Amino acid sequence: MSITEDCRRIDEKLSCFTAISDVSEEGDVVFSVKDCICTKGMLSSAGSKILQNYFPVFDATVVERLRQIGPIIGKTCQDEFGFGTFCKNTYKIPKNPWDTERSCGGSSGGAACLTAVLDHPHIAVAESTGGSISCPAAFCGVVGLTPTYGLVSRYGLIDYANSLDKIGVMGRSIKECAFGLTVIAGHDPRDSTSLKVKRKDFTESLMGAPLKIGIPKQYFKNIDPRVGEKVWNAIRKLESIGFVCQEASLDYTKYALASYYLIAMAEASTNLAKFCGLRYGTSSNPEEKGFNEYFSNVRTNGFGEEAKRRIIMGTYARMAGYRDELYLKAMKIRTLVINDFKRELKKVDVLMAPTMPMLPPKLSDIASITPLQEYQSDVLTVPVNLAGMPHVSVPCGFVDGLPVGLHIMSDHMQESKIIQMAYVYEKARGKIEYPKV
Ligand code: GLN
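These lines cover the structure that appears in this document, whether it is placed above or below. All figures in this text were calculated on a predicted structure; none of them were measured in a lab. (Residues numbered from 1 in each chain as written. Predicted model: local features only at pLDDT ≥ 70, side-chain atom pairs only at ≥ 80, totals over all residues. Heavy atoms only, no water.)

Cis geometry marks the peptide bond from G106 to S107, where omega comes out at 5°. Looking at the secondary structure, you find S107 in the loop between β3 (72–76) and α3 (109–117). Unusually for a residue other than glycine, A46 sits at a positive phi of about 50°. Mapping A46 onto the fold places it in the loop between β2 (30–34) and α2 (61–67). Residue A46 is classed as buried on the basis of its relative accessible area, which comes to 0%. Its identity is not glycine, yet F81 carries a phi of approximately 55°, on the positive side. With respect to the secondary-structure elements, F81 resides in the loop between β3 and α3. (Helix = DSSP H or I, 4+ residues; strand = E, 2+ residues; numbered from the N terminus. Buried < 20%, exposed > 50% of the residue type's maximum accessible area, 1.4 Å probe, protein only.)

This part takes up the layout of surface pockets. If you add up the space inside the largest pocket, you get close to 440 Å³. In this structure, the largest pocket is lined by 22 residues; those nearest its centre are N222, P357, Q376, S377 and V379. Within the residue set of the lining of the largest pocket, elements represented by two or more residues are α7 (253–271), α11 (363–366) and α12 (371–376). Residue composition of the lining of the largest pocket, grouped by class: 11 nonpolar, 6 polar and 5 charged. By volume, the second largest pocket is sized at about 370 Å³. Around the second largest pocket, the lining comprises 17 residues; the ones closest to its centre are R172, S173, K431, I432 and Y434. (1 Å grid on protein atoms, 1.4 Å probe; cavity = no way out; pocket = protein on both sides within 12 Å on 5 of 7 lines; lining within 4 Å. Points joined across faces, edges and corners; volume = space filled by probe spheres on them. Nonpolar A, V, L, I, M, F, W, Y, C, P; charged D, E, K, R; others polar.)

Taken as a whole, this structure holds 3 cavities of 30 Å³ or more when the rule is applied. Counted as a void, the largest cavity has a volume near 100 Å³. Taken together, 15 residues line the largest cavity, and the ones lying closest to its centre are G84, S132, Y260, Y261 and D378. In terms of residue class, the lining of the largest cavity is built from 5 nonpolar, 8 polar and 2 charged. As for the second largest cavity, its lining consists of A138, F139, V227, T355, M356, M358, L359, P403, V404 and G405. Of all the secondary structure elements, the ones that give two or more residues to the lining of the second largest cavity are α4 (134–140) and β11 (402–409). Here the lining of the second largest cavity gets 3 residues from one element, more than from any other, and that element is β11. Grouping the amino acids of the lining of the second largest cavity by side-chain chemistry returns 8 nonpolar, 2 polar and no charged.

Keep in mind these values describe shape, not function.
Here it is as structure tokens:
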């Protein structure tokens, strides 16, 4: 069966693609790309109905770099513009390969789902604003690496929140992720926030000197005890092979979620202004309609409920009169969160915690949770994203056949430490049998 036929077969069962390409040459490694990353001539809808007619005339920088190495097999499903934790806020909802009644996690749910089931060397390129790589990687039992903010060019990414968005990678092993990062990382003059660092081979980071591990105590409160147990087992395993583990304390963690959602929504509400049916977005018939009516029709029909909620809340947070009380305060907290991580990461090399506080929930149960409950499930992934620091989720066991993720975090530009730590742990853990579809 060709890779394209294989992708179609997988999509029929698990609904993980928004578009599949016809690939003639398979090569040694193939790539999939999250739908919010622009691919020339290929649907790039960011999981939104409003962009269902958007076929970019250019490739994102990361896509240009991928094409030099191997083919792009398709675009993967996501929450609309990245707004969500369960990949349910969109027009096509992927199913978790370990239990098809459950969520793949979000927002990069399609990418993680495909990584778990495609039996061909494959790297999924995804994006995280507040945990969208780690969460689905944990729920689908794959490795998901989010680099330092600015290490990978955002040119050609359909923005969610510019000061938080990071393009990263997923694979079945840390080695694959390190290779994927090597392909896409490095300075790009077309992105003014891109860091001026030379390109580097991250697979060389797999080996290194022994690392010291910190365990942030706040990250083990209010979590599913079955998840906590698997993570503690992983930590004990590392201790038993000689790693030094000590307690760490990230005191501002409890404010990170509120700060993140204010900043993310404020930025998102400005980013979505351009989708009004003129230059971008589905168009409706402009005859006999004023501008206001025309563009509110386009936006009413094109945006989903969560996107509308974020436009309203984000606009509110930026309003004169509220800006100092909400947005500026959130920015100050962001600095405190960064300092918190910096201080603890002077004492240890990496921090370790559960990726998600829960197991992948049933899609039918998600229907009855409130938006606030959905936001709260990001409590462990948001702080490190707010700080723009690199992190990786590695599978660390199963509860009733459902995967659990171990989160490894480090300071800015310390990708080599999280790669090395993940590699050591993977070897100690042993192989994972992925589900067949
Ligand atoms: N769940 C978070 C949110 O909805 C993070 C999503 C993301 O990283 N794109 O904002």
